[in-house]
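Overview (structure and organization)
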Amino acid sequence: MDRRNCPLWLFVLAFFLILPLGNQAQSRAAADLIITNAKIWTVDPALPTGHAVAVLGDRIVAVGSNGDADAWRGPGTRVIEAQGKLLLPGFNDAHVHFVSGGRQLDSIQLNDAANPQEFARRIGERVKVTPKGEWILGGNWDETKWDPPNMPTKELIDALTPDTPVFVSRYDGHMGLANSVALRLAGITAKTPDPPGGTIVRDAQGNPTGALKDAATEYIYKVIPPLTHDQRLRIVKRALAYAASVGVTSVQHMSADYEDIAVYAELLQRGELTTRIYAAPSIASVGDLAKLGIRRAFGGPFLRIGALKAFADGSLGSGTAYFYEPFLNQGNNRGLLSDEMHPISLMRDRYLKADAAGLQLCTHAIGDEGISTILDLYTDVLQAHGESDRRWRIEHAQHMAAKDFQRFRQLHVIASVQPYHAIDDGRFAESHIGHDRASRTYAFRTFLDHGVRLAFGTDWEVAPLDPLLTVYAAVTRATLDGKNPNGWFPEQKLAVSEAIEAYTMGSAYAEFQEKEKGSIMPGKLADMVLVSEDIFSIPPEKIRDARILKTFVGGRLVFDSGSPNR
Ligand SMILES: [Zn+2]
């Protein structure tokens, strides 16, 4: 009916017919989602457990008994029967390298190639799906699994890769194999000298075999083009899907490139972000963010910026973490301050500038003197600008001087730690730094005893993203080599509830979002995971075998294993 011909009375009638429906919808909104018959651990001390949760839009509206949630049921409500499974707040990984992680997922996998033929076959298959001009990278091959364990050479793959540059890495990261295309692009010939600290492996005639060691790999890395926008998009999508599959609903991306943030922003606009992201670019960009007027945790529920990532020192394994006393068996070596700390006043100036602009500081510090030096600098900023709610962080906080736990507390510094590193580095830490210093390595219990806030993460791609593996690490402290089944420095073990809190509320606090997420309570974003096992009651060593069944972000099911049971 054309409106001009429609009598007025019909409009009035229609108005009164529609009115009651509208009123009803207003007074009793129905939930979009109800999860019922769950075993909920809320991480809300006021109501630690429950059986059901109701979600309206992207927020939780009710937590409690099945009846409490059922009161929100309407004709359009989706109801998920959890069959008694454990429901937790979504995990928030406080320290990831999200694009590097996605790149690792996206790259060729050669580690389990059982022989050179399989190694070559996989590279040949990869060529077929690799866009023209793109490099084939990654791989983590391990020739010790072959019989005989001979190093691969370019001849193995050259015929399969006539136009595609290939540089696949050995699993230890100290060597890679280039094909002829890559060698040509890098200008490596029989005449190229070995660089200091590196080797171009050569055959009997002196020609490069394609294998490059340590510093010689730089010849290749120099000529690999940076990721294109499309590559980055593809990689981030891989990372998002993977994060959902392991129950990670929020990540804090340390050392994010601007190009990464551009990809996140594009996916946000398209409604395709399924993991909430807090991106912290390098402190070298303090000038840009200060100029823009961006402050800490600026943005929306899916994408925030306003933190800066800085580096104090290196790592334990490479002998570059900065200690008061030398490493054992390494002469006088006591590690190195990073180039951002030369001179230390450079870092102080950047901190002051960042703090004046309201930006949050996240500083990588691993050795005891590296950590102490950062606490000194944080103290300088506090004295210059006075008290405020800054939530400074030290990333890793791995080897603490006994005197500094109290200083963490006084400065309200958050220990942003990665329990998996503890069971990894725990294999060799004592041989590098001795028993006394190792006793304050990833000292989670001592931090909590001093009233220091913990935020849990993984450092993915350096370590696996799987949060249940991280909880396992914090609860068991069982080193990866199986030599400490009852825990390495067992007095530092955490309870399951403490580990989960550090991974949810702790990480949320570390990004100024503890009022928005981190626990299952009315008003908060509906980020939740359903777990295959009750990790509170199974033997701790089994926690790593538990799986994520379903992942919800803002009430949206972003991962479904297909069954409530497995
Ligand atoms: Zn890192």
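Here the structure is a predicted model, which means the values were calculated and not measured.

1. Side note on the pattern of salt bridges
In total, this model carries 35 salt bridges according to the counting rule given. Between Asp-106 and Arg-234 there is a salt bridge, with the nearest N and O atoms lying 2.9 Å from each other. Taken together, the positions of Asp-106 in helix H3 (residues 98–106) and Arg-234 in helix H8 (residues 229–245) put the pair 128 residues apart, joining distant regions of the chain. With its nearest N and O atoms 2.9 Å apart, the salt bridge here joins Arg-170 to Asp-172.

2. Looking at the coordination of the zinc ion
The protein atoms donating to the zinc ion are His-95 (NE2), His-97 (NE2) and Asp-459 (OD), with metal-donor distances spanning 2.1 Å. Of note, the zinc ion draws all its donor residues from one chain, in the sequence arrangement H-x1-H-x361-D. Placement of His-97 in the loop between strand E8 (91–96) and H3 and of Asp-459 in the loop between strand E23 (454–456) and helix H17 (467–476) is noted, with a sequence separation of 362 residues between them. Taking relative accessible area as the criterion, His-97 reaches 14% and is therefore assigned buried. According to the relative accessible area criterion, Asp-459 is buried, its value standing at 7%.

3. Considering the sheet that holds strand E1 (residues 33–36)
Spatially, E5-E4-E1-E6 is the arrangement adopted by the four strands of the open sheet, whose pairing is mixed. A strand with exactly one partner marks an edge of an open sheet, and here the two such strands are strand E5 (59–64) and strand E6 (78–81). Between one strand and the next, the sheet's axes are offset by a mean angle of 15°, whatever the strand orientation. For E1 and strand E4 (residues 52–56), the ladder comprises three bridges, and the chain directions are antiparallel. Within E4, the residue paired with Ile-35 across the bridge is Val-53.

4. Regarding the environment of Thr-49
Position of Thr-49 among the secondary structure elements: in strand E3 (residues 49–50). Separated by 513 residues in sequence, Thr-49 and Gly-562 place their C-alpha atoms 25 Å apart.

5. Looking at the nonpolar core
In this structure, Tyr-351, Ile-394, Phe-408 and Ile-535 are the most contacted members of the largest nonpolar core, which totals 69 residues. The element contributing the most residues to this core is H17, with seven residues. Beyond its immediate sequence surroundings of up to four residues, Ile-535 is in contact with Leu-86, Leu-88, Leu-468, Val-471, Val-496, Ile-500, Ile-543 and Ala-546. Counting residues in hydrophobic clusters, the runner-up holds 26 residues, among them Phe-98, Val-99, Val-236 and Val-263.

6. What to know about the pairing of strand E26 (residues 556–560)
One ladder, built from four bridges, connects strand E25 (residues 548–553) with E26; its direction is antiparallel. Bridge pairing links Phe-552 to Leu-557 in E26.

7. A word on H17
Counting buried residues along H17, ten of its ten residues qualify, which places the element largely inside the surrounding structure. Buried within H17 are the following residues: Pro-467, Leu-468, Leu-469, Thr-470, Val-471, Tyr-472, Ala-473, Ala-474, Val-475 and Thr-476. Capping the start of H17 is the job of one residue whose side-chain oxygen sits 2.9 Å from the backbone nitrogen of Leu-468: Asp-466. Positioned one or two residues after H17, Arg-477 has a phi angle of 50°, which is positive.

8. Some words on helix H11 (residues 344–356)
Between the first and last C-alpha of H11 there are 19 Å, a value that for 13 residues agrees with the 18 Å anticipated at 1.5 Å per step. The complete set of buried residues in H11 reads Met-347, Tyr-351, Ala-354 and Asp-355. End-on view of H11: buried residues confined to an arc of 95°, all on one side of the axis. Residues of H11 that are buried in the fold lie against helix H10 (286–292), strand E19 (307–311), strand E20 (360–365) and helix H12 (368–385). Backbone geometry just after H11 places Gly-358 at a positive phi near 80°.

9. Quick notes on the sheet that holds strand E2 (residues 39–41)
Strand order across the open sheet formed by six strands is E3-E2-E7-E24-E25-E26, with mixed pairing between neighbours. Strands with a single pairing partner mark the edges of an open sheet, and in this sheet they are E3 and E26. Here E2 runs beside E3; their pairing, made up of two bridges, is antiparallel. Each bridged residue has a counterpart across the sheet, and for Trp-41 the counterpart in E3 is Thr-49.

10. Quick look at the packing of H17 against helix H18 (residues 496–510)
For any two helices packed against each other, the geometry is given by the interaxial angle and the distance between the axes. The interhelical angle for the contact between H17 and H18, taken along N-to-C directions, is 130°, at an axis separation of 9 Å. Relative to H18, the element H17 is oriented oblique. H18 is crossed by H17, and the crossing has right-handed handedness. Mapping the contact onto sequence places Pro-467, Thr-470, Val-471, Ala-474 and Val-475 in H17 and Val-496, Ala-499 and Tyr-503 in H18. Grouping the constituent residues of the contact of H17 with H18 by class yields seven nonpolar, one polar and no charged.

About the cut-offs
- Residues numbered from 1 in each chain as written.
- Predicted model: local features only at pLDDT ≥ 70, side-chain atom pairs only at ≥ 80, totals over all residues.
- Heavy atoms only, no water.
- Salt bridge = Lys/Arg side-chain N within 4 Å of Asp/Glu carboxyl O.
- Helix = DSSP H or I, 4+ residues; strand = E, 2+ residues; numbered from the N terminus.
- Donors = N, O, S within 2.8 Å, 3.2 Å for Na, K, Ca; no water.
- Buried < 20%, exposed > 50% of the residue type's maximum accessible area, 1.4 Å probe, protein only.
- Pairing = 2+ DSSP bridges.
- Axes fitted to C-alpha atoms, helices over the stretch in contact; angles between N-to-C directions.
- Core = buried A, V, L, I, M, F, W, Y, C linked by side-chain atoms within 4.5 Å.
- Contact = heavy atoms within 4.5 Å.
- Polar contact = N/O pair within 3.5 Å; in protein donor to acceptor, adjacent residues only side chain to side chain.
- Expected span 1.5 Å × (residues − 1).
- Arc of directions from axis to C-beta.
- Parallel < 35°, antiparallel > 145°, perpendicular 65-115°, else oblique.
- Left-handed = near helix turned anticlockwise from the far one by under 90°.
- Nonpolar A, V, L, I, M, F, W, Y, C, P; charged D, E, K, R; others polar.

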